[in-house]
Amino acid sequence: MVAGRAADALSFAAAQPADTSLLTDQVLTASQKLKPLTVVTVGTVEGSGNAVVPVTVRQADRTREWQVPVIFTARGWRLSKVTSEVTLDSIPAGLNVTLNGQALPAGPTATVFPGAYQVADSLAEIDLRDKPLIVDAPGTVFNVELSPVLTNAGKKKLRALALDSLKTCLAQRSINPKGCPNVAAAAKGQTVIDKTVRWSVQGDPWAKASYDVSAVKPTEASGKATFTFRLVCSLKQDGATYQINQTIPYPVLFTADLAEQQPTIVWQRL
C-alpha cells in the first residue's frame, strides 16, 4: 500500500477480496498524494494459528497504532484482512460520485485499502467540498458523509432556469397561473377578465437571493427571494367593470434538480 503497488498489498492477504475495482495502483497513488501513509514499526509474531500484530503507522502528521489480525497459512503469515469497507448508503442516486477519481462500484459498500480518499462528483454545479475520508485501519467500516454546496455555476444555472420559468409565468393571462409564483385571488362575486391580465415584477428580486442545496439530495438546488409582483387587470362585479392595479410582495422558494437533462423549476410561495 505504502509503495503504491496494489498487487503487492493483496499478496499479503489470507484471502482475496471479492471486489477489487478500487484496489488499483492508480487509486493508491492518489491516496498517497492526498495524505502519505508510512509504516513506522511492525511487531513480530511466532508460532501458528491466529495472532494480532501491533503496527505503528504515520499518515501525514498523525500517528496511529493498528492491531492487525494475522493468520498462519501454507504461504506463511498473512493478514486476515488487508482492506476496509466504505459505506455508500448516504450517496443518493443521480449523483455520480467518484473516490480518488474512480467511479464507485454498484452496491452498498466499496472495498478499499487503508489510506486517504477524496470524494468528488461530476456536476459543475455541485461541490461536495469534503475533507479527504481517512481509512485508517484494515478490517474496519467507514462512512461517507456528504457536505454539498452550490457552486457559482450552480447558482447561475438555477437563476437562469428560474428567470426563464418566471418569464413564462408573467406572460399568463390569469391571476392564478398553474405552477407559478405570481398568484392572486378574486373576491366573492368578482369575475376577472382574463385577457386584461398583465403581470410584471417590481425591482430586482435576484439581488438579495440566497441559494442552497439539499444534503439529502445534493442534486436538488434551491433559491429564495422576495418578489414584488404587479398585477394590472379588469374585473366585473355587480354589473360594473373595475380596473385593478396592485402590487403583491411575498417570499418565494424556487427549486430544481440540476442532474436532470431538462431541469424544471418548482415554485413555492412561503
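Being a predicted model, the structure only gives us computed values, none of them experimental.

### Side note on the confidence of the model for the protein chain
Atom-level detail of predicted coordinates should not be read off regions where pLDDT is low.
Then comes step 1: Looking at the protein chain, the pLDDT average stands at 90 and 98% of residues meet or exceed 70.
Then comes step 2: For the protein chain, the element scoring lowest by mean pLDDT is strand 10 (residues 119-121), at 87; helix 3 (residues 152-170) scores highest, at 97.

### With respect to the environment of D257
Then comes step 1: Residue placement: D257 occurs in strand 18 (residues 240-257).
Then comes step 2: Residue classification places D257 among the buried positions, given a relative accessible area of 12%.
Then comes step 3: Along the primary structure D257 and D61 are separated by 196 residues, whereas in three dimensions their C-alpha atoms are 40 Å apart.
Then comes step 4: For D257, the residues in contact, after removing those within four places along its chain, are K217, T219, E220 and P263.

### Concerning the packing of aromatic side chains
The description of an aromatic ring pair uses the distance of the two centres, along with the angle that the planes make with each other.
Then comes step 1: Under the definition given, this model contains nine aromatic pairs.
Then comes step 2: Judged by centre distance (5.6 Å) and plane angle (75°), the ring pair of W206 and F254 falls under edge-to-face. You can see W206 sitting in the loop between strand 15 (191-202) and strand 16 (210-213) and its partner F254 sitting in strand 18, a full 48 residues away along the chain. Here W206 matches F254 in class, with each residue buried.
Then comes step 3: Relative accessible area serves as the criterion here: at 0%, F254 is assigned to the buried category.
Then comes step 4: Every member of this aromatic cluster is reached through a ring pair, and the members are W199, W206, Y211, F227, F229, Y250, F254 and W267.
Then comes step 5: Positioned above the aromatic ring of Y250, the side-chain terminus of R269 is 3.7 Å from the ring centre.

### Things to note about the sheet that holds strand 2 (residues 50-59)
Then comes step 1: Taken in spatial order, the four strands make up an open sheet running 1-2-3-4, and their pairing is antiparallel. Every interior strand has two partners, whereas the edge strands, strand 1 (37-42) and strand 4 (76-79), have only one. Within the sheet, the average angular offset between the axes of one strand and its neighbour, ignoring direction, is 40°.
Then comes step 2: In terms of strand pairing, strand 1 meets strand 2 through five bridges, oriented antiparallel. Each residue of the ladder has a partner; that of V42, found in strand 2, is V55.

### Notes on the state of the cysteines
Then comes step 1: Enumeration over the complete set of coordinates arrives at one disulfide.
Then comes step 2: The residue that forms a disulfide with C169 is C180, at a sulfur-sulfur distance of 2.1 Å. The disulfide joining C169 to C180 has a torsion of about -85° about its S-S bond and is therefore left-handed. A residue pair is termed long-range when its members are at least 10 positions apart, and C169 in helix 3 and C180 in the loop between helix 3 and strand 15 qualify at eleven residues.

The rules we used
Residues numbered from 1 in each chain as written. Predicted model: local features only at pLDDT ≥ 70, side-chain atom pairs only at ≥ 80, totals over all residues. Heavy atoms only, no water. pLDDT = per-residue confidence, 0-100. Helix = DSSP H or I, 4+ residues; strand = E, 2+ residues; numbered from the N terminus. Buried < 20%, exposed > 50% of the residue type's maximum accessible area, 1.4 Å probe, protein only. Contact = heavy atoms within 4.5 Å. Phe/Tyr/Trp six-rings, centres within 6.5 Å; stacked < 30°, edge-to-face > 60°. Lys NZ or Arg CZ within 6 Å of the ring centre and 35° of its normal. Pairing = 2+ DSSP bridges. Axes fitted to C-alpha atoms, helices over the stretch in contact; angles between N-to-C directions. Disulfide = S-S within 2.5 Å.

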